[in-house]
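Below, each chain spelled out in residue letters.
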Amino acid sequence: MDYLKTGGIAVIDFGSQYTQLIARRIRELGVYAEVYSHDGAAAHIDEHRPAGIVLSGGPNSVYEAEAPQLPAFLLESERPVLGICYGMQLLTAALGGKVAAASQREYGPAAISHQPRSPLFDGLEAELQVWMSHGDRIESLPPGFSALAQSENSPLAAIGDLEGNRYGLQFHPEVQHSSCGQTIFRNFLFKICSCQPKWSAAAVIENAVEAIRAQVGSERALLALSGGVDSAVAGALIHRAIGERLVCIFVDHGMLRQNEAENVVQVFRHQQGMNLIAVNAVENFLTALAGITEPEAKRKTIGRRFVETFSEEARKLRGIRFLAQGTIYPDVIESAAASASAKTIKSHHNVGGLPNDMQFQLVEPLRDLFKDEVRKIGAALGLPESIIWRQPFPGPGLAIRCLGEITWERLEKLRAADAIFTSELATAGLLRHGTAQSFAVLLPVKSVGVMGDKRSYEETLVLRSVTTDDFMTADWARLPYDLLARVSARIINEVPGINRVAYDITSKPPGTIEWE
């Protein structure tokens, strides 16, 4: 994909929760963007010869002793630069301006006005609604810079050196609350950086198939197929490239949703014609998980047992040199693979840590893609909507939605309740279009109830439904009360062992979408 990546944008991460969102917004405009740590090597950041640089926000203040600073080589390259929030303050400090704590912080929506002479704001109304999140301000501009926009509390809400093609925004154009954000990015990409819009689903497929064929040659490849959109699209891409020389292994660990194992076999073996080996390892996984309640311990146990099961099946196959995975770009970043300074949020469930006698070369055709891009690739490849729009599901499955000890009885309880919830959402037309992710969580919490004039003492179920465009931030879905009432009544009446249903109204942040 080197051709598609060349001439894109390098997004330099200084610790903002929105950094991935910046890259996604740029890619939506047909230009490749890649996230690099602020402490990355110059040669690494320059590997695809980016046409421009975007500096992300971050939690620090530039005048703090340990705060990340702007690497000199980014300015020496003379490429156009756009600094966002902390990135703008870094640019200011590095070029001779002054940044200090603001007397009044700005968090949330704000109105700004701008001067129409800037190419960054070209085509926009004079008054704009944006999203602010900062406690510092610029007190003096660097030489060559001028004010481009201002708000009530920020006389320098946007700045620019038009001759040097260096710009700064105190607000966040990447978030939905800044309605002008995509136009600003479009202006920066095409009017300032002269980028070419060559990042598309068709181009990615063509390049990926060519790359897979070049890498695998006449050999065979092995894929751990979960049935989720990531492994499904990876499988479809590789299958297009090498056909039956792709062997897929599907491990049923007992923590899938209702009828899911059967559906995976039906879709991929019978409908898609893939070479699929299905393994029933339910008993082994449940034995390994007995007594474990800590979330990360569950993930690691499942990951370890998955590797063992996968390895046992893989050893039965001779002469396979390549291992394919559905790793996507957020996995790389969240698993702290992109930078030594990154923090692990949670362990991701891919095939890692294989035994020494099973040394494979990795094939990861989706490694550079965000989830929404993966879905577009899947649609272009002709995968059914039931796969492309399958509800997001973690690798460890219901194990991380079944809080406390995992038993077959509790999993069956959770499966049944989850199926009721999602089926009612689907009937109401809210499973795909009204929500982004919806599921049930079983808590190891018992409470007293009254059922059939008798005292009950049974477990609590939580319903979770969120709305989001990017899964980096999310809000709880405002589901209709009558729908929630119907779901609750059905679960309590139809699923033995649950006598209380709650609805999670926590956004992300501060919570995560999953409970574990």
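See the structure printed just above.
This structure is a prediction, so every number in the text was calculated from the model and none was measured. (Residues numbered from 1 in each chain as written. Predicted model: local features only at pLDDT ≥ 70, side-chain atom pairs only at ≥ 80, totals over all residues. Heavy atoms only, no water.)

**Student:** Describe the sheet that holds strand E12 (residues 275-280), listing the residues and the values that go with them.
**Tutor:** Reading across from one edge, E12-E11-E10-E13-E14 is the order of the five strands in this open sheet, with parallel pairing throughout. Both edges of this open sheet fall to E12 and strand E14 (361-363), since each of them pairs with a single strand only. Sheet twist, expressed as the mean angle between neighbouring strand axes with direction ignored, is 30°. Bridging between strand E10 (residues 220-224) and strand E13 (residues 320-324) involves four bridges; their strand directions are parallel. By the bridge assignment for E13, Leu 223 is matched with Ala 324. Across the face of the sheet, helix H9 (residues 260-271) comes into contact with strand E11 (246-252) and E12 while running at roughly 165° to E12. (Pairing = 2+ DSSP bridges. Helix = DSSP H or I, 4+ residues; strand = E, 2+ residues; numbered from the N terminus. Axes fitted to C-alpha atoms, helices over the stretch in contact; angles between N-to-C directions. Contact = heavy atoms within 4.5 Å.)

**Student:** So what's going on with unusual backbone geometry? Residues and values would help.
**Tutor:** Here the bond from Lys 508 into Pro 509 is cis, since omega is -15°, no more than 30 degrees from zero. Its place among the elements puts Pro 509 in the segment after strand E18 (498-503). Residue Pro 509 is joined to Pro 510 through a cis peptide bond whose omega torsion reads 15°. Mapped onto the elements, Pro 510 comes out in the segment after E18. In this structure, Arg 49 takes a positive phi of about 50° despite not being glycine. With respect to the secondary-structure elements, Arg 49 resides in the loop between helix H3 (42-45) and strand E3 (52-55). Residue Asn 259 is not a glycine yet carries a positive backbone phi of 65°. Structurally, Asn 259 is set in the loop between E11 and H9.

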